[in-house]
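Listed below are the residues making up each chain.
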Protein chains: 4
Amino acid sequence: MTARSITPLQKKFYEVIFGTETPAGKWFDICLIMVILSSVTIVMLDSIWDLHATYGELFWRIEWVFTILFTIEYAVRIWCSPNRKAYVLSIYGVVDLLAILPTYIALAFPQAASLLIVRLLRILRIFRVLRLVAFLNEANLLAGALRRSARKIFVFFSMMMIITMIFGCLLYVVEGPESGFDNIPISIYWAIVTITTVGYGDVVPVTALGRAISATGMLVGYAIIAVPTGIITAELASGLRGSHRTSRNCSQCSRAGHDLDARYCKYCGSDLPPLGREGD
Amino acid sequence: MTARSITPLQKKFYEVIFGTETPAGKWFDICLIMVILSSVTIVMLDSIWDLHATYGELFWRIEWVFTILFTIEYAVRIWCSPNRKAYVLSIYGVVDLLAILPTYIALAFPQAASLLIVRLLRILRIFRVLRLVAFLNEANLLAGALRRSARKIFVFFSMMMIITMIFGCLLYVVEGPESGFDNIPISIYWAIVTITTVGYGDVVPVTALGRAISATGMLVGYAIIAVPTGIITAELASGLRGSHRTSRNCSQCSRAGHDLDARYCKYCGSDLPPLGREGD
Amino acid sequence: MTARSITPLQKKFYEVIFGTETPAGKWFDICLIMVILSSVTIVMLDSIWDLHATYGELFWRIEWVFTILFTIEYAVRIWCSPNRKAYVLSIYGVVDLLAILPTYIALAFPQAASLLIVRLLRILRIFRVLRLVAFLNEANLLAGALRRSARKIFVFFSMMMIITMIFGCLLYVVEGPESGFDNIPISIYWAIVTITTVGYGDVVPVTALGRAISATGMLVGYAIIAVPTGIITAELASGLRGSHRTSRNCSQCSRAGHDLDARYCKYCGSDLPPLGREGD
Amino acid sequence: MTARSITPLQKKFYEVIFGTETPAGKWFDICLIMVILSSVTIVMLDSIWDLHATYGELFWRIEWVFTILFTIEYAVRIWCSPNRKAYVLSIYGVVDLLAILPTYIALAFPQAASLLIVRLLRILRIFRVLRLVAFLNEANLLAGALRRSARKIFVFFSMMMIITMIFGCLLYVVEGPESGFDNIPISIYWAIVTITTVGYGDVVPVTALGRAISATGMLVGYAIIAVPTGIITAELASGLRGSHRTSRNCSQCSRAGHDLDARYCKYCGSDLPPLGREGD
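Remember, predicted model here, so these are calculated numbers, not experimental data. (Residues numbered from 1 in each chain as written. Chains lettered and ligands numbered in written order. Predicted model: local features only at pLDDT ≥ 70, side-chain atom pairs only at ≥ 80, totals over all residues. Heavy atoms only, no water.)

Novice: Before we move on, could you go through the side chain of D:Thr103 and cite the residues and values that matter?
Specialist: Residue and element names in this part refer to chain D. Relative to the helices and strands, threonine 103 resides in helix H5 (residues 91-108). Judged by its relative accessible area of 0%, threonine 103 falls in the buried class. Discounting chain neighbours no more than four positions away, the residues touching threonine 103 are Trp60, Glu63, Trp64, Thr67, Leu116, Arg119 and Arg122. (Helix = DSSP H or I, 4+ residues; strand = E, 2+ residues; numbered from the N terminus. Buried < 20%, exposed > 50% of the residue type's maximum accessible area, 1.4 Å probe, protein only. Contact = heavy atoms within 4.5 Å.)

As structure tokens, this is what we get:
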């Protein structure tokens, strides 16, 4: 039995909490985003020592208000779901649970206070709302470009891992522990910091040879920063271009490449089939 | 009454001060840009302690010259505007006022000297001139690409906020206060510094695990730097390509936007004029 | 004699070790990748002083197991190659030998221990497997874009070398040894660090003029970072677009490369088969 | 008289020194590049204190050899030029003179030794050779893209100057002199270092508000780094695409967009005009 029959009241709650079409559903989503953001802000502020010392008590009380709100929401979500098990085991269900669990655990076991950081996962709940409300097309276009580029990006990252490894080992051999290149993992960390152009400056070459090699590494990094950009741009551009054209073929001359708003074949002037009949 | 009738003298001043078509208007704009830049330079030089100690008196006098010049200009602008209220309340009018107010306030209340920094807003007045004179097409193309990408960029920034939040919290938990990751806001500041590849080096991970996580974060940042670039490039390219479409209008339905290789109007199916007859 | 006749047993081994089509060949490749990665990990961990002090003995033993495994593999590869000389002298053959030699040399001459770092070249052996298994198309597309851009990138790097040289010398003259710009090579190193936006901060300008010049240099670097990106993107995009051409062959002259909207062969002028009949 | 009549010997020398078509001209160019690079290397090495102390005498002698070689070359160039005045006053002529003058001046006035740095301008002489030999097309394509983008890039840089000015002033007000933001020029220097993602770390915000503002600045910089990239990419891509297509129109159906290697119209199948007759 995958879907129970639900009462009209449950159906109404379901539409408000899970849906976005009704005005009430939209208001619920907006309130939820604001509660989530406030709750995350409180967790962040509480991590600042000065504020914790002064307002720790207050933060703790506000935190409980949020936790109780989220608990009620979680209970109602379970109650009104047509398929309770599917909801509880879905990623969204697990995140909803993780958003409330740490506060209760910290109450039961005060020594587990470091678990409270898990509450920051609440920010992930924003995705649920964003997923429903809007921006779906844009996210799809981006995700599509990333997915189509996935294999190219994998090839690119393999190349880059090997490049950072080579530069890291070179500097480890050339500079040695007295300049901070204590071991190979640190040297590879340095190579990643350098080639991605982050450049903290906590580990830097000091010998002439080391500097020459790392300057070469920077120029290489500068050149290959172009590669992932190029990959994604090319995919995005082809995605955009594709989304402005249909795959309609003219029934007379059977040629394609017509704009979305075209009604007549631009090559032979005969009628084009209406747009709705085929998928894009 | 939105527009008063204005005298010919007012009209003439209006053309010189607000317009750019007449030679006098162009000269006025060029002088204005130079006065603005000189005035901003003086404010900057005055902020250098050594120069302030030696030339402070001189700077203060030059400043008054500029302030009086701008005051006269402001008065003339109000006087010759067809619609005075609209000018005073427009953004440009407010900036024009903010450019002169601080000097007078500092005279009246010497303790409000820190307000003098507001004078730097004068640089915004340059926009007024640039807006009128030139570069309008280029700015429009850029603005168009940014506007069309706005939703995609919003999605991208939401993703990035969540990524920096996750990396910031991870490093807060892993490194802790003894490495400078004092609280979550500082850790998120570190994550932004790292993922945007700025890399100050004022807060850096020191543990092996922290370095491994931040290296991962850098590679992620390196990969996603491609995304906004790709978005804007794709939009700009599609904007440019759009400008390669012909300006041919169909002789039947007089609509434009036809591809270079189109022979029939895609909207009404009638013949298009051949391409050779008009320039691109 | 370029290829000896080989026994069926050798042929079978050859298919497993060098080939990827058979299931056994795939499993061999996967095992090989894992052994290579483990071996490289051990070398890295051994470079960390703490771990070396505690587990050095253990690492050395594991290292010997890997070395013996690789030696056996190397012997079998030679034995089952149809053309032994070609294998031994190929790049892959040399890397395979370099992967095992250092351990034996370190046994014979303990003072040559620093040679052990050469073992990290084993990571290059991964390429052999990747080359065979997959990702071939993606790597080809990337390599093609880089190859087509090679001359443009050379021109770009010549320009950048000269720009870094000019900025380096300017700062050397302006800042001088007391700010860390000890000599021209160091100043050029600083210029590369700056223009590639790495920005370690180990050498920074301190005078007003030096800072003004280096700010200019950063803006120049910021602008020209666009150039390699643009080059590679444009090439990649044109590569991708090329792959959108149809694979239709002209029935008369049997040449391909026709646009999607082409109706006649652009080489011989005869009719092309309609587009709908074959997939893209 | 713009061009004197020259003797055959002068013409021969002219072809070797200025030209690149003859084998002797090519060899001369290659030798010249190598002499220039050696000479620049010597100047750089001489700036290193240790090397100067040990080999200063030797460097000085080698330097004289190069100077005499360049002097002879300069004299021959003047002697064999058809139009001597034009050569001497051209940029190349001035650079050729600047390459030899400092050494003579340093001999006459030993206190002007700091002028010797000017010798590094010799590197600019490389351009003369590169200009002639090769890479002309690639450099033209790049230069064309930059030229077409010049106005867009100007608009972009104006925007960025104003953005850095705003962020610089904000941080000057928020952080003040005790964090190193001593005056407005330094704060603007900091803003440029930050927004271009160089991030030295010599001036960093330390207050919470300052960090929040600069994190915003980084994200803005991260987003707008896309703009110049996008501009140049779009221009390069449109340049590339253009260079793969001709502007030939079919004489039958008068449609354009044919590939460079097309001989027949892809739309109507009739002959295309041969490529040579019109420029691209």
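Novice: Describe the UniProt feature "transmembrane region" (unreviewed entry) in chain A, naming the residues involved and giving the relevant values.
Specialist: All names here are of chain A. According to UniProt, the "transmembrane region" (unreviewed entry) feature falls on residues 27-49, 61-80, 87-109, 153-174, 186-207 and 219-240. Annotated as residues 61-80, this span is 100% helix and 0% strand, and its ends, taken at the C-alpha atoms, are 29 Å apart. Secondary structure over residues 153-174 splits into 100% helix and 0% strand, and the C-alpha atoms at its two ends are 31 Å apart. (UniProt positions renumbered as here; feature names shortened; annotations may be inferred.)

Novice: Run through a nonpolar patch on the surface, naming residues and quoting values.
Specialist: A surface patch of nonpolar side chains, about 280 Å² in accessible area, is lined by A:Leu9, A:Phe13 and A:Trp79. One can find A:Leu9 in helix H1 (residues 8-18). (Patch = residues over 30% accessible without salt bridge, like charges linked within 9 Å, V, L, I, M, F, W, Y side chains within 5 Å. Areas by Shrake-Rupley, 256 points an atom, 1.4 Å probe, with all protein chains shown as cover. Salt bridge = Lys/Arg side-chain N within 4 Å of Asp/Glu carboxyl O.)

Novice: Explain the packing of aromatic side chains residue by residue, including any values.
Specialist: Residue and element names in this part refer to chain A. By the definition in use, this model includes 32 aromatic pairs over all chains. On the basis of an interplanar angle of 25° and a centroid distance of 4.8 Å, the ring pair of tyrosine 14 and phenylalanine 18 is categorised as stacked. One end of the pair is tyrosine 14 and the other is phenylalanine 18, both in helix H1 and four residues apart, which spans about a single turn. Look at tyrosine 14 and you get partly exposed, because its relative accessible area is 31%. (Phe/Tyr/Trp six-rings, centres within 6.5 Å; stacked < 30°, edge-to-face > 60°.)

Novice: Account for the nonpolar core, with residues named and values stated.
Specialist: Grouped together as the largest cluster of nonpolar side chains are 197 residues, with contacts concentrated most on A:Tyr200, B:Tyr200, C:Tyr200, D:Ile184 and D:Tyr200. The contact partners of B:Tyr200, leaving out residues within four places of it in the chain, are A:Tyr200, B:Tyr189, B:Val193, D:Trp190, D:Thr194, D:Gly199, D:Tyr200, D:Gly201, D:Val203, D:Val204, D:Pro205 and D:Met218. (Core = buried A, V, L, I, M, F, W, Y, C linked by side-chain atoms within 4.5 Å.)

Novice: Tell me about the packing of helix H8 (residues 150-175) of chain D against helix H9 (residues 184-195) of chain D, residues and numbers included.
Specialist: Residue and element names in this part refer to chain D. Packing of H8 against H9 brings their axes to within 8 Å, and their N-to-C directions diverge by 120°. As far as their axial angle goes, H9 and H8 are oblique. H9 is crossed by H8, and the crossing has right-handed handedness. Together, Ile163, Thr164, Met165, Phe167, Gly168, Cys169, Leu171 and Tyr172 of H8 and Ile184, Ser187, Ile188, Trp190, Ala191, Ile192 and Ile195 of H9 make up the contact between the two elements. Residues belonging to the contact of H8 with H9 are distributed by class as follows: 12 nonpolar, three polar and no charged. (Axes fitted to C-alpha atoms, helices over the stretch in contact; angles between N-to-C directions. Parallel < 35°, antiparallel > 145°, perpendicular 65-115°, else oblique. Left-handed = near helix turned anticlockwise from the far one by under 90°. Nonpolar A, V, L, I, M, F, W, Y, C, P; charged D, E, K, R; others polar.)

Novice: Can you explain the domain arrangement of chain A? Please cite residues and give values.
Specialist: By the assigned domains, chain A splits into domain 1 (8-130) and domain 2 (151-227). Centre-to-centre separation of domain 1 of chain A and domain 2 of chain A, based on C-alpha positions: 42 Å. (Domains from an automatic or database assignment.)

Novice: I'd like a rundown of H9(D), residues and numbers included.
Specialist: Counted at 1.5 Å a residue, the expected span for H9(D) with its 12 residues is 16 Å, and the 16 Å between its end C-alpha atoms agrees. Taken across its 12 residues, H9(D) has 11 buried, putting it largely inside the fold. Every buried residue of H9(D) is accounted for by D:Ile184, D:Ile186, D:Ser187, D:Ile188, D:Tyr189, D:Trp190, D:Ala191, D:Ile192, D:Val193, D:Thr194 and D:Ile195. Those residues of H9(D) hidden inside the fold are in contact with helix H2 (23-46) of chain B, helix H10 (208-224) of chain C together with H8 and helix H10 (208-224) of chain D. Near the N-terminus of H9(D), the side chain that reaches the backbone nitrogen of D:Ile186, with its oxygen 3.0 Å away, is that of D:Asn183. Taken from the residues just after H9(D), D:Thr197 is the one with a positive phi, measuring 60°. (Expected span 1.5 Å × (residues − 1). Polar contact = N/O pair within 3.5 Å; in protein donor to acceptor, adjacent residues only side chain to side chain.)

Novice: Report on the pattern of salt bridges, specifying residues and quantitative values.
Specialist: In the structure shown here, the tally under the stated rule is 24 salt bridges over all chains. Here C:Arg211 makes a salt bridge to D:Asp202, at a shortest N to O gap of 4.0 Å. Linking C:Arg211 in helix H10 with D:Asp202 in the loop between H9 and H10, this pair reaches from one chain into another. C:Arg211 gets classed as buried once you look at its relative accessible area, which sits at 14%. Several salt bridges share partner residues, and in doing so they unite A:Glu73, A:Arg77 and A:Asp96 into one network.

Novice: Kindly report on the side chain of A:Ser179, identifying the contributing residues and their values.
Specialist: All names here are of chain A. Topologically, serine 179 is positioned in the loop between helix H8 (150-175) and helix H9 (184-195). A distance of 2.8 Å separates polar atoms of two side chains, one belonging to serine 179 and the other to glutamate 175. Aside from chain neighbours lying at most four places away, what touches serine 179 is Val203, Val204 and Val206.

Novice: Quick one: what's the story with the packing of helix H2 (residues 23-46) of chain A against helix H3 (residues 49-80) of chain A, residue by residue and with numbers?
Specialist: All names here are of chain A. The N-to-C vectors of H2 and H3 enclose an angle of 150°; their axes lie 9 Å apart at closest approach. In terms of crossing hand, the pair formed by H2 and H3 is left-handed. Of the residues in H3, those in contact with Phe28, Leu32, Val35, Ile36, Ser38, Ser39, Ile42, Val43, Leu45 and Asp46 of H2 are Leu51, His52, Gly56, Phe59, Ile62, Glu63, Phe66, Leu69, Phe70, Glu73 and Arg77. Broken down by class, the residue content of the contact of H2 with H3 amounts to 13 nonpolar, four polar and four charged.

Novice: I'd like a rundown of the state of the cysteines, residues and numbers included.
Specialist: For the coordinates displayed, the defined rule picks out zero disulfides over all chains. Unpaired in this structure, C:Cys31 has its nearest cysteine sulfur neighbour in C:Cys80, at a distance of 17 Å. (Disulfide = S-S within 2.5 Å.)

Novice: With reference to specific residues and values, describe the environment of C:Lys11.
Specialist: If you trace the backbone, C:Lys11 turns up in helix H1 (residues 8-18). In sequence terms C:Lys11 and C:Ser81 are 70 residues apart; their C-alpha atoms lie 8.4 Å from each other.

Novice: Before we move on, could you go through the confidence of the model for chain A and cite the residues and values that matter?
Specialist: Residue and element names in this part refer to chain A. Of the residues in chain A, 76% reach a pLDDT of 70 or more, and the chain-wide mean stands at 79. The least confident element of chain A, judged by mean pLDDT, is helix H6 (residues 125-133) at 64; the most confident is H9 at 93. Contacts for the low-pLDDT stretch residues 276-280, under 50 throughout, to residues beyond four places or in other chains number five contacts. Overall fold confidence (pTM) sits at 0.79, and the ipTM for the predicted complex is 0.75. (pLDDT = per-residue confidence, 0-100.)

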